[in-house]
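# Architecture and fold: a report
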Amino acid sequence: MAEGNPSGGGGITGFGKFVLTLAVLGVIGFGGWKWMQNQKAPPAPPANPGTPQAPGRGPAPSAPGVPAAPAAPVEMPPSDEVVAPEDATPSLPAPGTYFPKDGVVDVELSDYAGYAGLVAANGGLEPNGDSVFARKHGFKVRIALSEEEAFGRLNSGALGATATTVDVLAVLGKPFQATVPAMFGYSRGADAVVVRSDIKKVNDLKGKVVASVQFLENDFFLRYLVQEAGIPVHAMKDLSEAPDPAAVNVVYCDDAPGAAELFLRFLKAGHPGVAGFVGWAPHTTDAVSRSGGKAYALATTNNILVVADVLVVNRGFAQANPKMVAGLVEGILEGNRWLRTDPEPHLEALSKAFKWDRGRAREELRKVHPCNLAENLAFFSGSIDSGGSFGGIYQSAILAYGTELLKDAPDADRFADLQHLRAMEASGAFKEDRVAIAPTKSGGKAAIEKDPLLSKSIRFQFLANKDTMDMDDKGNLKGLADVKTLLSVSPGSLLILRGHVSGEKKKDFLAEGGEPMLRKATLQAVELSKRRAADVKRVLADLQKVDPSRIEVEGRGWNEPLPGDPELSRRVEVLWYTLE
């Protein structure tokens, strides 16, 4: 058998060798021609330098010797949902008095489990002779569910009562002729800030764009957190406007679904133009699910209790019919008690009213905290220490929106009417009620082991060359109150107080004693900063009655200076860790 022919056939003929030689020469010639063409061709144009890249990504690496393909431009997704921000608060029709017909009071609510106590007490939506209101107080209630704002019709007298969150009262202001006789409860997870996964705390939103709905509780929730982080909010007219690098930039949509869709469109396009949105369930949870792991809820109202729902009653009707208003208040408290103790017998009525199945009704009820009489009284008096208070949330809304938008907001007392709650307390009704707002945790690591939700710097003043706070300084008292507020509105949250001092004398230490003296002074600076943070903790425990187990202290000396004026580096940094 021939060695080079495993088939056992004969060798290549002379004609075959000739044909093979021509084929080889042809391949070599074609390759040379292609090389010459490549030498003549101009280089591929570079990627557009103005095209944004996805965070942390660049062009894919190319194989050796192979030119990289030009990066595809990332187009701006369409943004039809964006609406121009209002530069003034909503207008209302002239006030009028509501008159109930045939002993039936008209109440309008939105499709939200926080109002389920009133629906349960009524046995559904329609006027019901077997309801708490009819049996105990001699009138009936007709409930309409709508996502349209009812404030104008309430003000004009077309409606007896509705519900809203405390922050919205500050927005509506003096023209809103209404009274607030009771609180429904707190949102416990129904509202959330959803962001890209690379954003780890509220401070990371600085310079970025977030979608929201103006003047509703989600707008307030974002503004509240941003305000606590010490960052201003800038409302953009549309997405063609350049974001302010020193602010959290907000674009507004008509509703929460629109804000969610806008965010997801940018996220899926890999475009950094919109970094998050603020909304309410189920739009927030759906957006996280649809993001494919690229987004998560940075902050929710699960353990930040600043979104509080209240009953709002037409003022003229309330003045003319105090017994009916007292009946509405008692009905809410009775329904809330049923839902707190055993919601199962009332799920059928709730499911029919809200068009949910029983499973969803249970799930939605988990996202709210229906308040009892004791919690109502503490909420309105400001004595509650495990959630936001009526006056505190109202004032926070004024600060969050600013006096340019809320030009002449009245005091919170203009709205609060506690006569019915106090009458029930005096009568001994609901005397077994206790304030019982506990932190909830969905699992995972302890709060302090995760990234802080936000950080803020407070410049506490100390006695000269000492680690003792100057208690005559008014700024110190405000700083202490600000720190306590963080813990108060978020049950279970924790703080780290991180002390810092100025390093303006480092050069003097180095010149006087070289590196040994500088090292010694650096260690002393760390100890001083830690002792000062510890003194802030001590005063919070002694003066503000804060549980010291919720606060840790650290000293950073002059190792983390702020740019600019050295005085700014003399500070206590507050890191706020919330449970989720």
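Residues numbered from 1 in each chain as written. Predicted model: local features only at pLDDT ≥ 70, side-chain atom pairs only at ≥ 80, totals over all residues. Heavy atoms only, no water.

Attention now goes to the overall build of the protein chain. A count of helices and strands for the protein chain gives 17 helices and 17 strands. Residues counted as buried form 46% of the 580 residues belonging to the protein chain. Per element, the accessible surface of the protein chain, about 28,000 Å² overall, is 54% carbon and sulfur. (Helix = DSSP H or I, 4+ residues; strand = E, 2+ residues; numbered from the N terminus. Buried < 20%, exposed > 50% of the residue type's maximum accessible area, 1.4 Å probe, protein only. Areas by Shrake-Rupley, 256 points an atom, 1.4 Å probe, with all protein chains shown as cover.)

As a further point, take the pairing of strand S6 (residues 191-196). Judged by how many residues are buried, S6 sits mostly within the fold: six of six residues are covered. Bridging between S6 and strand S10 (residues 276-280) involves five bridges; their strand directions are antiparallel. Along S10, the bridge assignment pairs Val193 with Val278. Examined bridge by bridge, S6 and strand S11 (residues 295-300) share five bridges and lie antiparallel to one another. (Pairing = 2+ DSSP bridges.)

Pairing in this open sheet of four strands is mixed, and the strands run S14-S17-S15-S16 from one edge to the other. Only two strands of the sheet have a single neighbouring strand rather than two, namely strand S14 (454-458) and strand S16 (551-555). Averaged over all pairs of adjacent strands, the angle between their axes in this sheet comes to 20°, without regard to strand direction. The sheet contact formed by S14 and strand S17 (residues 571-577) spans five bridges and is antiparallel. Among the inter-strand pairings, Ser455 is bridged to a residue of S17, identified as Leu575. (Axes fitted to C-alpha atoms, helices over the stretch in contact; angles between N-to-C directions.)

Throughout the structure, instances matching the rule amount to 26 salt bridges. Between Glu375 and Arg340 there is a salt bridge, with the nearest N and O atoms lying 2.7 Å from each other. With Glu375 in helix H13 (residues 373-381) and Arg340 in helix H10 (residues 322-341), this residue pair connects regions lying 35 residues apart in the sequence. Look at Arg340 and you get partly exposed, because its relative accessible area is 31%. Among the ionic pairs, Arg556 bridges to Glu560, the shortest N-O distance being 2.5 Å. Here the salt bridges do not stand alone but share partners, grouping Arg498, Glu554, Arg556 and Glu560 into one network. (Salt bridge = Lys/Arg side-chain N within 4 Å of Asp/Glu carboxyl O.)

Before going further, it helps to spend a moment on the nonpolar core. Side chains of nonpolar character tend, in soluble globular proteins, to be buried together. Ranked by internal contacts, the top residues of the largest apolar core, which has 92 residues, are Leu225 and Phe379. Residue contributions to this core peak at seven residues, all from helix H14 (residues 390-401). Not counting the four nearest positions on each side in its chain, Phe379 is found in contact with Val166, Met183, Tyr186, Ala308, Val310, Ile384, Gly388, Ser389, Phe390 and Ile393. Listed in part, the 39 residues of the second largest apolar core include Ala116, Val141, Val313 and Met324. (Core = buried A, V, L, I, M, F, W, Y, C linked by side-chain atoms within 4.5 Å. Contact = heavy atoms within 4.5 Å.)

Looking now at unusual backbone geometry. A cis geometry characterises the amide bond from Ala281 onward to Pro282, with omega recorded as 5°. In this structure, Pro282 sits in the loop between S10 and helix H8 (283-290). Positive phi outside glycine occurs at Phe430, with the angle close to 55°. Here Lys545, not a glycine, exhibits a phi torsion of approximately 60°, which is positive. Within the secondary structure, Lys545 sits in the loop between helix H17 (506-543) and S16. Given the relative accessible area of 66%, Lys545 is considered exposed.

Further remarks concern the packing of helix H11 (residues 347-354) against helix H12 (residues 358-365). Look at H11 against H12: their axes get within 9 Å of each other, and the N-to-C directions meet at 95°. Taken as axis vectors, H11 and H12 run roughly perpendicular relative to one another. Contact residues: H11 offers Leu347, Glu348, Leu350 and Ser351, while H12 offers Arg358, Ala361, Arg362 and Leu365. When grouped by side-chain class, the residues that make up the contact of H11 with H12 number four nonpolar, one polar and three charged. (Parallel < 35°, antiparallel > 145°, perpendicular 65-115°, else oblique. Nonpolar A, V, L, I, M, F, W, Y, C, P; charged D, E, K, R; others polar.)

What follows covers the packing of aromatic side chains. If you walk through the whole model with that rule in mind, you get 17 aromatic pairs. Ring geometry for Phe379 versus Phe390: centroids 6.1 Å apart, planes at 70°, classification edge-to-face. In this pair, Phe379 sits in helix H13 while Phe390 sits in helix H14, placing the two residues eleven residues apart along the sequence. For Phe379, a relative accessible area of 0% puts it in the buried group. Members of the aromatic cluster, connected to one another through ring pairs, are Phe151, Phe176, Tyr186, Phe379, Phe380, Phe390, Tyr394 and Phe415. (Phe/Tyr/Trp six-rings, centres within 6.5 Å; stacked < 30°, edge-to-face > 60°.)

Locating Glu86 in the fold gives a position in the loop between strand S1 (82-83) and strand S2 (104-109). Between the C-alpha atom of Glu86 and that of Phe215, which follows or precedes it by 129 residues, the distance is 9.2 Å. Those residues in contact with Glu86, other than ones at most four positions away along the chain, are Gln214, Phe215 and Leu405.

Taken together, the side chains of Met471, Leu477 and Leu543 define a hydrophobic patch exposed on the protein surface, amounting to about 250 Å² of accessible area. Relative to the assigned elements, Leu543 resides in helix H17. Overall, Leu543 belongs to the partly exposed group, its relative accessible area being 46%. (Patch = residues over 30% accessible without salt bridge, like charges linked within 9 Å, V, L, I, M, F, W, Y side chains within 5 Å.)

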